[in-house]
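As a plain string of letters, each chain reads:
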Amino acid sequence: MGTGRTLNKKPRTRPVKAAGDKRRREKTQLKRLVALGMDEDKAKKLTTGAVRAALRHPKAVEKAAAAKA
């Protein structure tokens, strides 16, 4: 019995996202926000959704950081 495309396209063969990779991505995104000028303490208090939303508009983050400084 062969293992052709029929068995390879099942959802159970999909890779599972690892928790360590998720933490690494979140850590990298926080570093990117701090590099844009956001205060590190303020960035750490944001939720992951808020961090991703802020990174969608980097110029707005830079502008807000410049206005604060």
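Residues numbered from 1 in each chain as written. Predicted model: local features only at pLDDT ≥ 70, side-chain atom pairs only at ≥ 80, totals over all residues. Heavy atoms only, no water.

Student: Is there a simple way to explain the overall build of the protein chain in this structure?
Tutor: Of the regular secondary structure elements, the protein chain holds five helices and zero strands. Listing every helix and strand of the protein chain by position from the N terminus yields α-α-α-α-α. Counting only C-alpha atoms, the protein chain reaches 70 × 20 × 15 Å along its principal axes. Expressed as a percentage of the 69 residues in the protein chain, the buried residues total 14%. A total accessible area of about 6200 Å² is found for the protein chain, and carbon and sulfur atoms account for 54% of it. (Helix = DSSP H or I, 4+ residues; strand = E, 2+ residues; numbered from the N terminus. Buried < 20%, exposed > 50% of the residue type's maximum accessible area, 1.4 Å probe, protein only. Areas by Shrake-Rupley, 256 points an atom, 1.4 Å probe, with all protein chains shown as cover.)

Student: How should the pattern of salt bridges be read in this particular structure?
Tutor: Between side chains of opposite charge, a pair can form when the charged atoms approach closely. A full pass over the atoms with the stated rule returns one salt bridge. Across the pair Lys-44 and Glu-40 runs a salt bridge, and its minimum N-O distance is 3.8 Å. Of this pair, Lys-44 and Glu-40 both sit in helix 3 (residues 40-45), separated by four residues, roughly a single helical turn. The class for Lys-44 is exposed, based on a relative accessible area of 57%. Glu-40 gets classed as partly exposed once you look at its relative accessible area, which sits at 41%. (Salt bridge = Lys/Arg side-chain N within 4 Å of Asp/Glu carboxyl O.)

Student: I would appreciate a short explanation of the nonpolar core in the present structure.
Tutor: Nonpolar side chains in soluble globular proteins tend to end up buried together. Within the largest apolar cluster, eight residues are counted, these being Leu-33, Leu-36, Met-38, Ala-43, Val-51, Ala-54, Leu-55 and Val-61. Of all the secondary-structure elements, those providing two or more residues to this core are helix 2 (19-36) and helix 4 (48-55). For this core, the leading source of residues is helix 4, giving three residues. If sequence neighbours within four positions are ignored, Leu-55 has contacts with Gln-29, Arg-32, Leu-33 and Leu-36. (Core = buried A, V, L, I, M, F, W, Y, C linked by side-chain atoms within 4.5 Å. Contact = heavy atoms within 4.5 Å.)

Student: Sorry, what's going on with the environment of Ala-65 here?
Tutor: Position of Ala-65 among the secondary structure elements: in helix 5 (residues 58-68). For Ala-65, the contacting residues outside a window of four places in its chain are Leu-36, Gly-37 and Met-38.

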